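# Fold and geometry: a report
Single-letter residue listing:
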Amino acid sequence: MWPWRKPQRPDWRIVFYTRQGCHLCDDAKTLVEALQAEYGFTVEIQDIDGDPQLREKFTTCVPVVEVNGKVRFRGQVNAVLFRRLLNASSSE
């Protein structure tokens with residue numbers, strides 16, 4: 001891979017937990033969608049208020065970003081760290 005080419009991550013699954021009226025969620029969703037366009041990963045958006053278990057689990061810490069089954073960001077999504085994760089050779 002050339003150093004100036006971004007790796008593509010079509011096999012990565014990102015779950016973005018959000019809720020209506022959350023300004024941090026809106027900002028994070030914009031970032032996640034921009035990174036999705038660059039890296040080609042799959043995003044599933046879940047509104048936690050539609051599921052009582054998710055609401056109980058994440059009520060005070062949305063937005064939450066889960067990468068391949070592992071929670072990577074809570075409350076705020078750091079663009080630099082997210083890019084670093086995407087540019088790494090694996091999701092670990």
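Let me begin by describing the structure that accompanies this report. The structure displayed is predicted, hence computed values, not measured ones. (Residues numbered from 1 in each chain as written. Predicted model: local features only at pLDDT ≥ 70, side-chain atom pairs only at ≥ 80, totals over all residues. Heavy atoms only, no water.)

### Quick look at the environment of L31
Keep this limit in mind: Secondary structure elements are taken from DSSP: a helix is a run of H or I of four residues or more, a strand is a run of E of two residues or more, and numbering for both begins at the N terminus. Any pair of residues with heavy atoms lying within 4.5 Å of one another is described as a contacting pair.
Counting through the fold element by element, L31 comes out in helix α1 (residues 23-39). Leave out the neighbours within four places in its chain, and L31 touches V77 and A79.

### Concerning the side chain of R19
Defined as follows: The term polar contact refers here to a pair of N or O atoms within 3.5 Å; inside protein, the definition further demands a hydrogen-donor-capable atom paired with an acceptor-capable atom, and it admits residues adjacent in sequence only when both atoms are side-chain atoms.
Inspection of the secondary structure assignment puts R19 in the loop between β1 (13-18) and α1. At a separation of 2.7 Å, a polar atom in the side chain of R19 contacts the side chain of D49. Side-chain polar atoms of R19 contact the backbone oxygen of T59, separated by 2.8 Å.

### A word on the packing of aromatic side chains
Here the distance between the centres and the angle between the planes together describe a pair of aromatic rings. Filter applied, for reference: Any Phe, Tyr or Trp ring, taking Trp's six-membered ring, that has another such ring centre within 6.5 Å forms a pair; planes under 30 degrees apart are called stacked, those over 60 apart edge-to-face, and the others tilted. The cut-offs for exposure are 20% and 50% of the maximum accessible area for each residue type, with area from a 1.4 Å probe on protein chains only; residues under the lower value are buried, those over the upper are exposed, and the others partly exposed.
Tallied over the entire structure, the rule returns three aromatic pairs. Consider the rings of Y17 and F58, whose centres lie 4.6 Å apart with planes at 35°: the pair is tilted. Placement of the pair is Y17 in strand β1 and F58 in helix α2 (residues 52-58), with a sequence separation of 41 residues. In this pair, the class of Y17 matches that of F58, namely buried. Pairing F41 with F82 gives two aromatic rings, centres 6.1 Å apart and planes at 25°, and the pair type is stacked. With F41 in the loop between α1 and β2 (42-47) and F82 in helix α3 (residues 79-87), this residue pair connects regions lying 41 residues apart in the sequence. Taken individually, F41 and F82 each receive the classification buried, so the pair is uniform in this respect. The rings of F41, F73 and F82 are connected pair by pair, giving a single aromatic cluster.

### A word on α1
The following threshold applies: Here a helix's expected span is defined as the number of its residues, less one, multiplied by 1.5 Å. What the arc measures is the spread of directions leading from the helix axis to the C-beta atoms.
Between its terminal C-alpha atoms α1 stretches 24 Å, which fits the 24 Å expected from 17 residues at 1.5 Å a residue. Those residues of α1 that sit buried are C25, A28, L31, V32, L35 and Y39. One side of α1 carries all its buried residues, which in axial view fall inside an arc of 130°. Turned more than 90 degrees away from the buried face of α1, the exposed residues are H23, D27, T30 and A37. Elements that come into contact with the buried residues of α1 comprise β1, β2, β3 (64-67) and α3. Of the residues flanking the end of α1, it is G40, one or two places downstream, whose phi is positive at about 75°.

### Observations regarding unusual backbone geometry
Here the amide bond leading from V62 into P63 is cis, since omega sits at 5°, within 30 degrees of zero. With respect to the helices and strands, P63 occurs in the loop between α2 and β3. A positive phi angle, near 50°, is found at N68, a position not held by glycine. Turning to its location among the elements, N68 is positioned in the loop between β3 and β4 (70-74).

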